[in-house]
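# Per-entry structural report
These are the residues of each chain, in order.
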Amino acid sequence: MIHEILPVGPLQCNCSVIGDEQTREAMVIDPGDDVEQVLDLIRKHDLKVKQIVITHAHIDHVGGAMKLRAATGAPVLLNQNDYALLKMLDVQAAWLGMAAPEKVKIDQSLSQADTVKAGSLVAQVLHTPGHTEGSICLYFPAETMLIAGDTLFAGSIGRTDLPGGSFEKIIHSLHDRVLALPDETVVVPGHGPLTRIGEERESNPFLVKR
Ligand SMILES: [Zn+2]
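For the structure given in this document, a descriptive report is provided here. (Residues numbered from 1 in each chain as written. Predicted model: local features only at pLDDT ≥ 70, side-chain atom pairs only at ≥ 80, totals over all residues. Heavy atoms only, no water.)

### A few points about the coordination of the zinc ion
At the metal site, the zinc ion is ligated by His 56 (NE2), His 58 (ND1), His 131 (NE2) and Asp 150 (OD), and these contacts range over 2.2 to 2.4 Å. Bound by 4 donor atoms, the zinc ion shows angles of 85 to 171° at the metal and therefore irregular coordination geometry. Donor residues binding the zinc ion come from one chain and are separated in sequence as H-x1-H-x72-H-x18-D. Of this pair, His 58 sits in the loop between strand E4 (48-53) and helix H2 (59-62) while Asp 150 sits in the loop between strand E10 (145-149) and strand E11 (152-153); the two residues are 92 residues apart in sequence, bridging distant segments of the chain. (Donors = N, O, S within 2.8 Å, 3.2 Å for Na, K, Ca; no water. Tetrahedral: all angles 85-135°; square planar, octahedral: opposite > 155°, others 65-115°. Helix = DSSP H or I, 4+ residues; strand = E, 2+ residues; numbered from the N terminus.)

### Regarding the pattern of salt bridges
All told, the structure shown has 9 salt bridges when counted by the stated rule. In this structure, the salt-bridge partner of Glu 25 is Lys 50, at a minimum N-O distance of 3.8 Å. With Glu 25 in strand E3 (residues 25-29) and Lys 50 in strand E4, the pair connects residues that are 25 residues apart, well separated along the chain. Lys 169 serves as the salt-bridge partner of Glu 133, at 2.5 Å between the closest nitrogen and oxygen. Placement of Glu 133 in the loop between strand E8 (121-127) and strand E9 (136-140) and of Lys 169 in helix H6 (residues 167-178) is noted, with a sequence separation of 36 residues between them. By relative accessible area, which is 36% here, Lys 169 ends up partly exposed. Connected through salt bridges with shared partners, the residues Glu 36, Asp 40 and Arg 43 form a single ionic network. (Salt bridge = Lys/Arg side-chain N within 4 Å of Asp/Glu carboxyl O. Buried < 20%, exposed > 50% of the residue type's maximum accessible area, 1.4 Å probe, protein only.)

### Some details on the side chain of His 45
Position of His 45 among the secondary structure elements: in the loop between helix H1 (35-44) and E4. Look at His 45 and you get buried, because its relative accessible area is 17%. Separated by 2.6 Å, the side chains of His 45 and Glu 4 make a polar contact. If near-sequence neighbours (up to four positions away) are discounted, His 45 is found in contact with Ile 2, Glu 4 and Arg 24. (Polar contact = N/O pair within 3.5 Å; in protein donor to acceptor, adjacent residues only side chain to side chain. Contact = heavy atoms within 4.5 Å.)

### Concerning empty space enclosed by the protein
Across all of its chains, the model carries 2 cavities of 30 Å³ or more by this definition. Estimates place the volume of the largest cavity at around 60 Å³. Lining the largest cavity are Val 8, Gly 9, Pro 10, Leu 11, Gly 32, Asp 33, Ile 59, Asp 60, Leu 96 and Met 98. Residue classes in the lining of the largest cavity are distributed as 6 nonpolar, 2 polar and 2 charged. For the second largest cavity, the calculated volume is near 40 Å³. Every residue lining the second largest cavity is listed: Asn 14, Ser 16, Ile 29, Asp 30, Ile 147, Gly 149, Val 188, Pro 189 and Gly 190. When its residues are assigned to classes, the lining of the second largest cavity shows 4 nonpolar, 4 polar and 1 charged. (1 Å grid on protein atoms, 1.4 Å probe; cavity = no way out; pocket = protein on both sides within 12 Å on 5 of 7 lines; lining within 4 Å. Points joined across faces, edges and corners; volume = space filled by probe spheres on them. Nonpolar A, V, L, I, M, F, W, Y, C, P; charged D, E, K, R; others polar.)

### So, the layout of surface pockets
The gaps of empty space that remain are located by a probe, the size of a water molecule, rolled over the atoms. Its boundaries defined by the atoms lining it, the largest pocket holds a volume of some 240 Å³. Considering each element in turn, the lining of the largest pocket owes the most residues, 3 residues, to helix H5 (residues 89-96). The residue makeup of the lining of the largest pocket, split by class, is 6 nonpolar, 5 polar and 3 charged.

As structure tokens, then:
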């Protein structure tokens, strides 16, 4: 598997480019910004982007989606519970003092237990509401890897004080769906360093047994 993690934009969202070494088919997760650099990685590895997956509709994760869609022709996928947030991208841009991106059009909604494929790579969708209503994580069982969006970070969890956030729901999502994964699962959070499920289970202050 080819996997490049590129922190993009002013909030340094971890954008993942994940490709199949044989077929060169790929998916890009959370192209929040810096699409030219994302495209450089795609060219470097000679990849064909088949899917653009958005873990949730915050501007730092979705801001570059339409540019990448225009450059690759790949569909943009997002859980439908975040469509309302997507309509507020201009408001989100104002919070951050950024220029509003163009309107993002979603090609397909992703729901719990859906799969996303690129070549031989298969990711299972975990619907993990809490940071936003439509937050999802992507679990790659063959690679024991989780792309966690802003649901889980090394030593922390996603904030729940923005519109659509719920502390109760994120804790429920984490215990029900994320901690159900094997300890050795490598976690790629939406921001910051990588971690493992076992490490978070043992030491994350939000997750240790209450
Ligand atoms: Zn977020």
